[in-house]
Amino acid sequence: MKTNGGAALIKALEMEGVETVFGLPGGAILPVYDPIIESPIRHILVRHEQGAGHMAQGYAQSTGRPGVAIVTSGPAATNIVTPLCDAYMDSIPMVVITGQVAYSAIGTDAFQEADTVGITRGVTKHNELIARAEDIPLLVRQAFHIATTGRPGPVLLDVPKNIVDPNNPDSALDWYWPTDEEVAASLPGYKPTIKGHPRKIKQAAQMIMEAERPVIYAGGGILKARAAEELRELAEMTNTPVVTTLMARGAFPDDHPLCLGMPGMHGNYTAVTSMQQCDLLIALGSRFDDRITGRLDGFAPDAKVIHADIDPAELGKVRVPEVPIVGDARLIIVGIIKELRKLQDRGTELPDITDWRSTVSGWQERYPLTYEQSEPGGLLKPQYVLEQLRERAPEDCIVASGVGQHQMWTSQYWKFRHPYTWINSGGLGTMGFAVPAAIGAKVGRPDRMVWAVDGDGCFQMTAQELVTATTERIPVKVAILNNAYLGMVRQWQEMFYEERYSEVYLSPDLPDYVKWAEAMGCLALRVESPEEVGPAIDKANAVNDRPVVLEFRTDSSEKVFPMVPSGLSNDHVMVDPSQEDPK
Amino acid sequence: MTKPTHPRHHVLSVLVQNRSGVLARVASLFARRGYNIYSLAVAPTDDESLSRITIVVDVETAPLEQVVKQLHKLINVIKISELDPLDSVERELMLLTVKAAAGKRSEILELLGLFEGNVLDVGHDEITVSMDDEPERLDDLENLLMPYGIIDVQRTGRVALPRLEHTRP
Ligand SMILES: Cc1ncc(C[n+]2csc(CCOP(=O)(O)OP(=O)(O)O)c2C)c(N)n1
Ligand SMILES: [Mg+2]
């Protein structure tokens, strides 16, 4: 069948099962937008290309399917660099298509020309400038294959105008659809290791059989591998407590007796300390990020480490494991469980770890997450808002967040019970992530309630996408925790810069968030006192025909605890002041 | 016997798909991850769809493993071998222009003869010579010519292949 590059590109997306794309057209990508009119693919017109990228990420994180964004060349391509980097850091499968000037104009500083492939090389798993129309079907298939297999990540295809414009002879091609074998043969250097090495798995099982103080350190890889059930089976079988990193919240239910919650800089005391004092750390799909380990030379000093990850480069990058296992987290866990059973059948017994369990629950009792509730008439506490949001939302509600104090409180106080209900920017820490990511998640899971918990600073970075949400009838809900500050930075200045506040004040009233949200077509309410919190949330939850924005005026002086100050080892957890030992 | 020039130097032979941008990917990976390239040589192999990049990396042994693993993550990289200098054959080409006034010329030619180098060009007061050999031998010639006044040196960076089996297996 004779076709042209533009039509072939859209057809290739359809063949890949793409149902929704997020984007915004422009000169170089015009010919690709024309066939979208006839395509069954739903296109969501964003107000800024950064929004398209984060929506694709939210879509991918809530559904497990790759998110797709289409934007034009030059400024549009540079606008989507941040989401690409974000997706790269958090291993999110995403395919981004950018327009490019005609192939013959490349290198001439043509209008809206940018070296997109050069700019995005360091923030994509792979990228390609497509030279010829006939390469389009194969390169699209490669892009989806690379984005979704092995360690997932973003892939960018840069598409010169001449190969998609039907009026240009360069765009002519005979349609074909490459087979799986053809795709594999075209990528001789790409062979992710999926199955863990049997000998390593045996060693891991052996080590688990000998551990007296084990902890499972579950990371985002558990969710990527869709291994939540297997993780639970392993934890229950061995009675091993589980910490879930910022990227893995929801991978293990917070109300499970073995769940210790989030570790790291703002992790709870028990999660941090049990990792610190364990004798075996079972790292599954986690990468020993510096926000988790604190000062590295003091991290988990007595622990032997089993490290399972699909990316061989993660093994030994930060901490050298006793047992490194490359492969898919789910298959590795299944393998370990099998080996443990074999050992049990042969009469080996799992060690008695009751002492360890009771030490751990002692910490949980002594140092629960806590905050001081405000006096009647006092300022609203952000933690209280989160407790109320959680309590009043359905159990499987999806929550997205921005970056800052509100993000840490959300991760701490939202009780996660299901995988794929938490969407956030972990590795890059991108302010402005919440609103577009929540919109993308709601598009992917229209059956679920979706809340974005945002900071006042973050909201101002990408709020315009609520116009997209209203126009496209995507009824997300946004809670702005308005503390009138770039709160997280303010906290560091208060604690580590002698309360010298430099450029962190934002004002509670400017902008007027309620008027702004209303102008964007949302239902909007301002909440100032604790009594109003519950009713306002209930009202928001009852609305399903448009986006809702609740602005909570919260106490500016509230800080996130616990905290391990940067540069110190995890032995130095600063707990909430009310829990400090009397001096 | 050949010795590595520098204990931190490692030779990586990287087989890649011969596609535009591959060299840029490899080079920017090194820059981004903070590794130093000491020298680099690239050319197509007998199979036109493949190129071989020979990289001399300046790292400690431990990070070398990271370099290799990160390189492997590039989609166009097919195979990476670390070549142990004791178990590989290496060559590098050097072109060198040195001052050679009439009185000194024969001394220089004599040295060049000992190293089995060639004369490429002779000017009024200068002479350009070439030599291909193990990189350490090029260093030796360069050092010996230093006192005469070197005007220009151009070296290709080393290329290498594994040593073959010498006995019947
Ligand atoms: C794009 C971007 N710029 C700057 C930062 C640094 N930063 C981290 S948290 C933060 C404050 C965020 O303020 P706000 O959204 O009001 O959240 P809060 O901490 O007050 O809850 C800043 C500026 C960042 N993470 N991302
Ligand atoms: Mg704030």
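Values in this document were obtained by computation on a predicted structure and should not be read as measured data.

The helix and strand tally for chain A stands at 23 helices and 20 strands. Taken against the 2.2 N^0.38 rule, which gives 25 Å for 583 residues, the C-alpha radius of gyration of chain A at 25 Å falls within 12% of a compact globule. Seen through its C-alpha atoms, chain A measures out along the principal axes to roughly 80 × 65 × 40 Å. Long-range pairs, those at least 24 residues apart, make up 75% of the contacts in chain A between residues at least 6 apart in sequence. In the structure as shown, chain A presents an accessible area of about 22400 Å², 51% of it carried by carbon and sulfur atoms. In chain A, which carries 53 positive and 75 negative side-chain charges, the distance between the mean positions of the two groups comes to 4 Å.

Here the structure, examined in full by the defined rule, presents 41 salt bridges over all chains. Asp311 of chain A is the partner of Lys73 of chain B in a salt bridge, and the nearest nitrogen-oxygen pair spans 2.5 Å. Taken together, the positions of Lys73 of chain B in the loop between helix 2 (61–72) and strand 4 (77–83) and Asp311 of chain A in the loop between strand 13 (304–309) and strand 14 (323–326) put the pair across two chains. Overall, Lys73 of chain B belongs to the partly exposed group, its relative accessible area being 29%. For Asp311 of chain A, a relative accessible area of 3% puts it in the buried group. Note that Lys317 of chain A and Glu314 of chain A form a salt bridge whose closest N and O atoms lie 3.1 Å from each other. By relative accessible area, which is 30% here, Lys317 of chain A ends up partly exposed. Each of the salt bridges in this network shares a partner with another, and the network as a whole consists of Arg151, Asp311, Glu314 and Lys317 of chain A together with Lys73 of chain B.

A regular strand carries its side chains on alternate faces of the sheet. Residue and element names in this part refer to chain B. In this structure, strand 6 (residues 118–122) lies alongside strand 7 (residues 126–133), joined through four bridges in antiparallel fashion. Paired with Asp121 across the two strands is Thr128, which belongs to strand 7. In this structure, the hairpin formed by strand 6 and strand 7 is closed by a connection of three residues.

A few words now on the sheet that holds strand 3 (residues 50–58) of chain B. Residue and element names in this part refer to chain B. Strands sit in the order 2-3-1-4 across an open sheet of four strands; the sheet is antiparallel. Whereas interior strands pair on both sides, the edge strands pair on one side only; in this sheet they are strand 2 (36–44) and strand 4. Direction aside, the axes of adjacent strands within the sheet are offset by 20 degrees on average. Bridge analysis of strand 1 (residues 9–17) against strand 4 gives six bridges, and the strand direction is antiparallel. Pairing of Val11 across the sheet is with Leu83, part of strand 4. Across the sheet, helix 1 (residues 22–32) lies against strand 1, strand 2 and strand 3, angled at about 20 degrees from strand 3, the strand it touches most.

On to the packing of helix 16 (residues 382–392) of chain A against helix 23 (residues 530–542) of chain A, then. Residue and element names in this part refer to chain A. Running from amino to carboxyl end, helix 16 crosses helix 23 at an angle of 35 degrees, the nearest separation of the two axes being 10 Å. As for the relative orientation of helix 16 and helix 23, their crossing is right-handed in sense. Contacts between helix 16 and helix 23 pair Tyr384, Val385, Gln388, Leu389 and Arg392 from the former with Pro530, Val533, Gly534, Ile537, Asp538 and Asn541 from the latter. Tallied by class, the residues present in the contact of helix 16 with helix 23 amount to six nonpolar, three polar and two charged.

Residues and elements named next belong to chain A. The coordination sphere of the magnesium ion (ligand 2), as far as protein atoms go, consists of Asp456 (OD), Asn483 (OD1) and Tyr485 (O), spread over 2.0 to 2.1 Å. Taken in chain order, the donor set of the magnesium ion (ligand 2) reads D-x26-N-x1-Y. With Asp456 in helix 19 (residues 456–462) and Asn483 in the loop between strand 18 (477–482) and helix 21 (487–496), this pair connects stretches of sequence that are 27 residues apart. Here Asp456 and Asn483 have matching classes, each one buried.

In this structure, the second largest pocket occupies an estimated 950 Å³ of space. Every residue lining the second largest pocket is counted, 37 residues in all, and those nearest its centre are Tyr88 and Asp311 of chain A together with Gln70, Lys73 and Leu74 of chain B. Those elements giving two or more residues to the lining of the second largest pocket turn out to be helix 5 (81–89) and strand 6 (126–129) of chain A together with helix 1, helix 2 and strand 4 of chain B. Its residues assigned to classes, the lining of the second largest pocket comprises 13 nonpolar, eleven polar and 13 charged.

So, on to the interface of chain A and chain B. With 19 residues of chain A at the interface, the matching set in chain B holds 15 residues. Regarding the contact of chain A and chain B, the summed buried area is about 1400 Å², with carbon and sulfur atoms giving 48% of it. Counting the contacts that link chain A with chain B gives two salt bridges. Note that Arg19 of chain B is salt-bridged to Glu128 of chain A, the shortest N-O span being 3.1 Å. Put simply, chain A and chain B have seven residue pairs in polar contact (both at pLDDT 80 or more) between them. Here the residues of the side of chain A that touches chain B are counted per class, giving eight nonpolar, five polar and six charged.

Quick look at the sheet that holds strand 20 (residues 548–553) of chain A now. All names here are of chain A. Strand order in the open sheet formed by six strands is 16-15-17-18-20-19, with parallel pairing between adjacent strands. Bordering the open sheet on either side are strand 16 (422–423) and strand 19 (523–527), each of which pairs with just one other strand. Packed on one face of the sheet, helix 16 meets strand 17 (450–455), strand 18 and strand 20 and runs near 165 degrees to strand 18.

On to the site of ligand 1. All names here are of chain A. Around ligand 1, a shell composed of 16 residues is seen, among which Gln405, Asp456, Cys458, Gly487 and Met488 lie nearest. Note that an oxygen atom of ligand 1 is positioned 2.8 Å from one of the side-chain N or O atoms of His406. One of the backbone N or O atoms of Cys458 is found 2.7 Å from an oxygen atom in ligand 1. Out of a free accessible area of 580 Å², ligand 1 has 76% covered by protein chains. Mapped onto the shell around ligand 1, the elements with two or more residues apiece are helix 17 (405–413), helix 19 and helix 21. Taken together, the residues that form the shell around ligand 1 break down as seven nonpolar, eight polar and one charged.

Residues and elements named next belong to chain A. Per the counting criterion, the structure on display carries 15 aromatic pairs over all chains. Centre to centre, the rings of Tyr371 and Tyr413 are 5.8 Å apart; their planes meet at 80 degrees, and the pair counts as edge-to-face. Residue Tyr371 is found in the loop between helix 15 (354–366) and helix 16, and its partner Tyr413 is found in helix 17; the two are separated by 42 residues along the sequence. A single burial state applies to Tyr371 and to Tyr413, both of which are buried. By way of ring pairs, the aromatic residues Tyr217, Phe288 and Phe299 are connected into one cluster. It is Arg226 that lies over the ring of Tyr420; its NZ or CZ is 4.1 Å from the centre. The cationic tip of Arg490 hangs over the ring face of Tyr485; the distance from NZ or CZ to the ring centre is 4.9 Å.

What counts and what doesn't
- Residues numbered from 1 in each chain as written.
- Chains lettered and ligands numbered in written order.
- Predicted model: local features only at pLDDT ≥ 70, side-chain atom pairs only at ≥ 80, totals over all residues.
- Heavy atoms only, no water.
- Helix = DSSP H or I, 4+ residues; strand = E, 2+ residues; numbered from the N terminus.
- Rg over C-alpha atoms; globule rule 2.2 N^0.38 Å.
- Contact = heavy atoms within 4.5 Å.
- Areas by Shrake-Rupley, 256 points an atom, 1.4 Å probe, with all protein chains shown as cover.
- Lys, Arg positive; Asp, Glu negative; His and termini not counted.
- Charge placed at Lys NZ, Arg CZ, Asp CG, Glu CD.
- Salt bridge = Lys/Arg side-chain N within 4 Å of Asp/Glu carboxyl O.
- Buried < 20%, exposed > 50% of the residue type's maximum accessible area, 1.4 Å probe, protein only.
- Pairing = 2+ DSSP bridges.
- Axes fitted to C-alpha atoms, helices over the stretch in contact; angles between N-to-C directions.
- Left-handed = near helix turned anticlockwise from the far one by under 90°.
- Nonpolar A, V, L, I, M, F, W, Y, C, P; charged D, E, K, R; others polar.
- Donors = N, O, S within 2.8 Å, 3.2 Å for Na, K, Ca; no water.
- 1 Å grid on protein atoms, 1.4 Å probe; cavity = no way out; pocket = protein on both sides within 12 Å on 5 of 7 lines; lining within 4 Å.
- Points joined across faces, edges and corners; volume = space filled by probe spheres on them.
- Buried area = accessible area lost by both parts, 1.4 Å probe.
- Polar contact = N/O pair within 3.5 Å; in protein donor to acceptor, adjacent residues only side chain to side chain.
- Near = heavy atom within 4 Å.
- Phe/Tyr/Trp six-rings, centres within 6.5 Å; stacked < 30°, edge-to-face > 60°.
- Lys NZ or Arg CZ within 6 Å of the ring centre and 35° of its normal.

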